[in-house]
Number of protein chains: 2
Amino acid sequence: MPTRQSRATKADPQTDAAIHAAIARAVMDGSLRAGTKLAEHRLAEIFGVSRERIRKVLHRLGAERRIEIIPNRGARVPQPTLTEIREIYEAHRVLEAGVLMALVPRLDEAILARLDAHLAEERAAAERGDRSASVRLSGAFHLLLVDAVGNAELSRILRDLLSRSSVMVSVYEPASQSICAVDEHGVIVDALRARDVAHAVALSAHHFQHVEQRLRLDPGPAAATDLEAAFRPYAPPKPTRARRAR
Amino acid sequence: MPTRQSRATKADPQTDAAIHAAIARAVMDGSLRAGTKLAEHRLAEIFGVSRERIRKVLHRLGAERRIEIIPNRGARVPQPTLTEIREIYEAHRVLEAGVLMALVPRLDEAILARLDAHLAEERAAAERGDRSASVRLSGAFHLLLVDAVGNAELSRILRDLLSRSSVMVSVYEPASQSICAVDEHGVIVDALRARDVAHAVALSAHHFQHVEQRLRLDPGPAAATDLEAAFRPYAPPKPTRARRAR
DNA sequence: CACTGGAAGAATGTGCACATTCTCTGGAAT
DNA sequence: ATTCCAGAGAATGTGCACATTCTTCCAGTG
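Residues numbered from 1 in each chain as written. Chains lettered and ligands numbered in written order. Predicted model: local features only at pLDDT ≥ 70, side-chain atom pairs only at ≥ 80, totals over all residues. Heavy atoms only, no water.

## Here we look at the protein's contact with DNA strand C
(1) Moving on: Close to DNA strand C lie 15 residues, the nearest being Arg-51, Arg-55 and Asn-72 of chain A together with Ser-50 and Arg-73 of chain B.
(2) Moving on: What you see for DNA strand C is that sugar and phosphate hold 62% of its atoms within 4 Å of the protein.
(3) Moving on: The contact in question runs from a phosphate oxygen of DNA strand C to an N or O atom on the backbone of Asn-72 of chain A, over 3.0 Å.
(4) Moving on: A distance of 3.0 Å separates a phosphate oxygen of DNA strand C from a polar side-chain atom of Lys-56 of chain B.
(5) Moving on: Elements with a contribution of two residues or more to the surface near DNA strand C: helix H3 (51-63) of chain A together with helix H4 (51-63) of chain B.
(6) Moving on: Sort the elements by how many residues they give to the surface near DNA strand C and H4 of chain B lands first, with four residues.
(7) Moving on: Of the residues assigned to the surface near DNA strand C, the class counts are two nonpolar, four polar and nine charged. (Near = heavy atom within 4 Å. Polar contact = N/O pair within 3.5 Å; in protein donor to acceptor, adjacent residues only side chain to side chain. Helix = DSSP H or I, 4+ residues; strand = E, 2+ residues; numbered from the N terminus. Nonpolar A, V, L, I, M, F, W, Y, C, P; charged D, E, K, R; others polar.)

Following this line, the structure appears as structure tokens:
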């Protein structure tokens, strides 16, 4: 009997990890706005894989709290309330206090040099008005701090928290302002260099509260986004014929 | 109105959540020892559900890092190295420092009363030599601390961390000693009552280091455990006839 | 005109069959 | 005797078909 389709032409064009990363990134960077429905069938068509593959990825994203899954009702990009967002930021602030306390005793010149280099990058991005780079770098600053402690578990937890707060920035953050003022990062590094734990912690807390205060009060429109447009840069290695957008 | 009878007659004997909880608990409390293979087919028979159901639960447990999944090679109870365990404990210690700093400013009599009541429970368990209760309560103490902050996200993160360190206790902890000395918990509460943040943090760090030092250096035997025996208390609504273990 | 009931269509959930990969055993060659 | 290889058996991965549930829309009634 004839084989259905020799999918043996090549190994899976889209591996699970690739699809997972694509959707996670689209959710994180705001390409998919809060409230967007993530229908299994449509995603399967877009990525050119079976629905089961999409289904598995979606469930994993749900377990990671990156998307919201309601039984029998599918997956959506989460639309967090302002209270939930403040909780995320507060959690980040509380945990970073512990990170700073653990970091000070093990500071060395190499770590301080890396932080200085990062601050220079941030300033450069701010000066040339590159908002995209600024957002990315300001998040990376906090990751740099936790990575300096040298505990993989800590890094994983904080990285996860940061990636989830990124989702929310796209909903609540006014687009005209940068997320983290580079000056505030600079003074934290200064306090670290002086081995002043209490001051570093206080500056960090103050910094996070600044960010929280900048959040808009209205959630903005919860309109859905076109799935195909969001995933166009990713991977249709499938010669799909033109499809009309409804 | 004809009520749905399909659910009534065929009533899912085991819901996904129940199976998930059963396996997670078995892994956490040591009923399944490190290295035990979790074969899909056998679990499906034991719980009396289809293999797909087990498969989904297993993948979710893997995403939560509660079990270890190797592609094409199945799921196993993780057997962490001593270094990984120390990282978990260190992470917990670092994060709890932040929690204590956030907790002190919002301490009130109600919280202190809850902590006191918990300490009394711990002492009672210790006095009657109930090791099982002692282990459970000593973990609950740290959850009580983070819950008192009132941030659900923080509670979730620390709860997850604690549940994962519980796995390791069963591997590395000598059975004759209790996990957390109740005295050490008591002095932490004393420092909190005095609003002495620095002291509370120092005591907490000292406490965690105590626990770390108690860990045995040899991982002990990595023998597998009989799956059916571990899950006998759970889930056999199976009218299956007796089956002999091969 | 508003509201309820229900049917049709669509989306999600599940079991099954088959494909792929791995493990284990037995035998032959060095 | 040890090592390597091949084949059988078992376990995992995947696509498909069907069952269940939800949404939507429309007809009928008060």
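## Overview of the interface of chain A and chain B
(1) Moving on: Residue-level contacts link 25 residues of chain A with 25 residues of chain B.
(2) Moving on: For the pair chain A and chain B, the two sides together bury roughly 2200 Å², of which 64% comes from carbon and sulfur.
(3) Moving on: Remark: the boundary between chain A and chain B carries four salt bridges.
(4) Moving on: For Glu-153 of chain A, the salt bridge identified is with Arg-164 of chain B, shortest N-O distance 2.7 Å.
(5) Moving on: There are ten residue pairs in polar contact (both at pLDDT 80 or more) connecting chain A and chain B.
(6) Moving on: With eleven residues, helix H4 (residues 82-103) of chain A is the single largest residue contributor to the side of chain A that touches chain B.
(7) Moving on: Each residue belonging to the side of chain A that touches chain B can be placed in one class, and the counts come to 14 nonpolar, three polar and eight charged. (Contact = heavy atoms within 4.5 Å. Buried area = accessible area lost by both parts, 1.4 Å probe. Salt bridge = Lys/Arg side-chain N within 4 Å of Asp/Glu carboxyl O.)

## Notes on the sheet that holds strand S1 (residues 37-38) of chain A
(1) Moving on: One open sheet accounts for three strands, arranged S1-S3-S2 (chain A); its pairing is antiparallel. Looking at strand neighbours, the two that pair on one side only are S1 and strand S2 (68-70) of chain A, the edges of this open sheet. (Pairing = 2+ DSSP bridges.)

## With respect to the pattern of salt bridges
Once their charged atoms are close, side chains differing in charge can pair, the charge on each being opposite to the other.
(1) Moving on: If you walk through the whole model with that rule in mind, you get 24 salt bridges over all chains.
(2) Moving on: Note that Arg-193 of chain B and Asp-116 of chain B form a salt bridge whose closest N and O atoms lie 2.5 Å from each other. Residue Arg-193 of chain B is found in helix H9 (residues 182-193), and its partner Asp-116 of chain B is found in helix H6 (residues 109-127); the two are separated by 77 residues along the sequence.
(3) Moving on: One connected set of salt bridges, linked through shared partners, spans Asp-16, Arg-53 and Lys-56 of chain A.

## Description of the confidence of the model for chain A
Residue and element names in this part refer to chain A.
(1) Moving on: Looking at chain A, the pLDDT average stands at 82 and 80% of residues meet or exceed 70.
(2) Moving on: Note that pLDDT drops below 50 for residues 1-12; the model gives that stretch two contacts with residues more than four away or on any other chain.
(3) Moving on: Predicted confidence for residues 237-246 stays below pLDDT 50, and this span has seven contacts to residues more than four positions away or in other chains. (pLDDT = per-residue confidence, 0-100.)

## Considering the packing of H6 of chain B against H9 of chain B
Residue and element names in this part refer to chain B.
(1) Moving on: Close contact between H6 and H9 brings their axes to 10 Å; oriented N to C, the two are set at 165 degrees. When the axes of H6 and H9 are compared, the pair comes out roughly antiparallel. Considering the relative orientation of H6 and H9, their crossing is left-handed. Along its contact with H6, which presents Leu-112, Leu-115, Asp-116, Leu-119, Glu-122 and Arg-123, the element H9 presents Val-182, His-185, Gly-186, Val-189, Leu-192 and Arg-193.
(2) Moving on: Here the contact of H6 with H9 is built from residues that sort into six nonpolar, two polar and four charged. (Axes fitted to C-alpha atoms, helices over the stretch in contact; angles between N-to-C directions. Parallel < 35°, antiparallel > 145°, perpendicular 65-115°, else oblique. Left-handed = near helix turned anticlockwise from the far one by under 90°.)

## Considering helix H6 (residues 131-149) of chain A
Residues and elements named next belong to chain A.
(1) Moving on: The first and last C-alpha atoms of H6 sit 28 Å apart over 19 residues, in line with the 27 Å expected at 1.5 Å per residue.
(2) Moving on: Along H6, the positions that sit buried rather than exposed are Ala-133, Ser-134, Leu-137, Ser-138, Gly-139, Phe-141, His-142, Leu-143, Leu-145, Val-146, Ala-148 and Val-149.
(3) Moving on: A side-chain oxygen of the first residue of H6 lies 3.0 Å from the backbone nitrogen of Ala-133; this N-cap is Asp-130. (Expected span 1.5 Å × (residues − 1). Buried < 20%, exposed > 50% of the residue type's maximum accessible area, 1.4 Å probe, protein only.)

## Quick word on the relation of the copies chain A and chain B
(1) Moving on: The operation relating chain A to chain B is a screw motion whose rotation component is 180 degrees, with 0.0 Å of axial translation and a residual RMSD of 0.1 Å. As the rotation angle and translation indicate, the two copies are arranged about a two-fold axis. Taking the C-alpha atom as reference, chain A places Gly-98 of chain A closest to the rotation axis, 2.1 Å from it.
(2) Moving on: By residue overlap, the copies meet face to face through one surface: 100% of the interface positions of chain A are interface positions in chain B. (Least-squares fit on C-alpha atoms with pLDDT ≥ 70 in both.)

## Things to note about the side chain of Glu-64 of chain A
Residues and elements named next belong to chain A.
(1) Moving on: Residue placement: Glu-64 occurs in the loop between H3 and S2.
(2) Moving on: You can call Glu-64 buried: its relative accessible area is 17%.
(3) Moving on: Aside from chain neighbours lying at most four places away, what touches Glu-64 is His-20 and Arg-164.

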